Amino acid sequence: MTHLLLPQFTFLYTPSVTQCQVFTPAEIELFRKSGAILRACLDALAPKAVAGISTLELDQFAEAFIRKRGGVPAFKGYKGYAHTLCTSVNDEVVHGIPGRRVLIDGDIVALDCGVAFEGIITDACVSVGVGQITPQASKLLSVTKSALAAGVAAVRGGSRVGDISSAVQGVVEAGGFRCVSALTGHGLGYTVHQFPDVPNIGKAGTGPTLPVGTAIAIEPIVTAGKSIEITQADDGWTLSMADGALSAHFEHTVVVTERGCEVVA
Ligand code: MG
Ligand code: MG
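Rules behind the numbers
Residues numbered from 1 in each chain as written. Chains lettered and ligands numbered in written order. Predicted model: local features only at pLDDT ≥ 70, side-chain atom pairs only at ≥ 80, totals over all residues. Heavy atoms only, no water. Pairing = 2+ DSSP bridges. Helix = DSSP H or I, 4+ residues; strand = E, 2+ residues; numbered from the N terminus. Contact = heavy atoms within 4.5 Å. Axes fitted to C-alpha atoms, helices over the stretch in contact; angles between N-to-C directions. Donors = N, O, S within 2.8 Å, 3.2 Å for Na, K, Ca; no water. Buried < 20%, exposed > 50% of the residue type's maximum accessible area, 1.4 Å probe, protein only. Phe/Tyr/Trp six-rings, centres within 6.5 Å; stacked < 30°, edge-to-face > 60°. Salt bridge = Lys/Arg side-chain N within 4 Å of Asp/Glu carboxyl O.

Considerations on the sheet that holds strand β11 (residues 221–223)
- A sheet is described by the order of its strands in space; here three strands give the open sequence β7-β11-β14, paired in antiparallel fashion. Unpaired on one side and paired on the other, β7 (178–179) and β14 (247–249) mark the two borders of the sheet.
- Looking at chain direction, β7 and β11 are connected through two bridges and run antiparallel. Opposite Arg178, over in β11, you have Thr223 as the bridge partner.
- Set on the sheet, helix α3 (residues 135–153) makes contact with β11 and β14; between it and β14 the angle comes to about 35°.

Below, the structure is given as structure tokens:
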């Protein structure tokens with residue numbers, strides 16, 4: 001899941017601390033275990049996003065997969081959210097609710113999932129094309145994925161959140177796209193969202209300093225359209241591009257180390 005900077009959406013986030021949480025080696029081991037379940041789930045799920053499957057079927061597969069391996073779907077029950085995945089199709093940006101919608105050839109769908117293992121939460125997302133997608137959709141996916149890699153590469157103990165933001169923004173804009181700046185990554189731990197926000201636009205050398213042993217979700221959220229305005233559906237969750245443009249989302253959970261970071265999911 002994604003943190004939202006817009007005031008009307010702040011119900012999704014309850015900032016109670018303004019310091020990065022530093023985890024013990026035992027807790028970092030739990031991040032690895034939580035993340036291994038999540039990564040395996042997304043690896044198994046992505047090939048199932050084919051024409052004819054409903055987003056609810058994908059959700060049911062993910063929930064069974066996670067529970068069978070001793071994890072708990074972290075989004076389910078979070079602020080009343082009822083599902084394991086967020087499935088955001090085409091112009092839906094984030095927090096699309098799984099349901100009767102059936103994927104069709106040419107769709108792109110973001111599969112966003114969270115796993116709790118002994119309380120420790122990891123969060124990750126992949127966006128995939130369904131069947132034959134347009135060259136523009138394909139470029140949007142590859143640029144967003146590259147932006148995530150650049151963000152991850154900017155992390156090390158002592159680096160600033162703005163170093164990540166700047167790296168992500170640079171790749172996205174060089175690719176001809178725009179970051180949906182109201183939606184950000186976030187700290188992780190025993191909660192789905194915590195300090196710090198990890199924006200997808202910003203300046204290197206600014207923002208909170210990341211200590212070794214903290215955990216964050218880095219998640220570029222990118223539109224192919226000119227406007228970054230988003231709208232909220234009546235379901236209270238689904239956010240879509242106001243202009244109907246395609247959007248894509250990739251996310252990793254990382255634990256900060258001395259020289260870089262460990263991608264745990
Ligand atoms: Mg997230
Ligand atoms: Mg997520």
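Here's the deal with the coordination of the magnesium ion (ligand 1)
- At 1.9 to 2.2 Å from the magnesium ion (ligand 1) lie its protein donor atoms, namely Met1 (O), Asp123 (OD), His186 (NE2), Glu219 (OE) and Glu251 (OE).
- Here the donor residues of the magnesium ion (ligand 1) are spaced in sequence according to M-x121-D-x62-H-x32-E-x31-E.
- The distance between the magnesium ion (ligand 1) and the magnesium ion (ligand 2) comes to 3.3 Å, with Met1 serving as a donor to both metals. Of this pair, Met1 sits in the segment before β1 (3–4) while Glu219 is found in the loop between β10 (215–218) and β11, placing the two residues 218 residues apart along the sequence. Like Glu219, Met1 is buried.

A look at the packing of aromatic side chains
- Counted by the stated rule, this structure contains four aromatic pairs.
- Their ring planes at 55° and their centres at 6.5 Å tell us that Phe23 and Tyr190 sit as a pair that is tilted. Placement of Phe23 in the loop between β1 and α1 (25–45) and of Tyr190 in the loop between β8 (183–187) and β9 (194–198) is noted, with a sequence separation of 167 residues between them.
- For Phe23, a relative accessible area of 6% puts it in the buried group.
- With a centroid separation of 4.8 Å and 70° between ring planes, the pair formed by Tyr81 and Trp237 is classed as edge-to-face. Here the residue Tyr81 occupies a position in the loop between β2 (72–73) and β3 (85–89), and Trp237 occupies one in the loop between β12 (230–232) and β13 (239–241), the gap between them amounting to 156 residues.
- Judged by relative accessible area, Trp237 falls into the buried class, the value being 9%.
- Through pairs of rings, three or more aromatic residues link up here, namely Phe23, Phe31 and Tyr190.

With respect to the pattern of salt bridges
- Evaluated as defined, the whole model comprises five salt bridges.
- Residue Glu29 is joined to Arg32 by a salt bridge in which the shortest nitrogen-to-oxygen separation is 2.7 Å. Taken together, the positions of Glu29 and Arg32, both in helix α1 and three residues apart, correspond to about one turn of that helix.
- Accessibility expressed as a relative area gives 34% for Glu29, which makes it partly exposed.
- Glu63 is paired through a salt bridge with Lys76; the nearest N and O atoms lie 2.8 Å apart.

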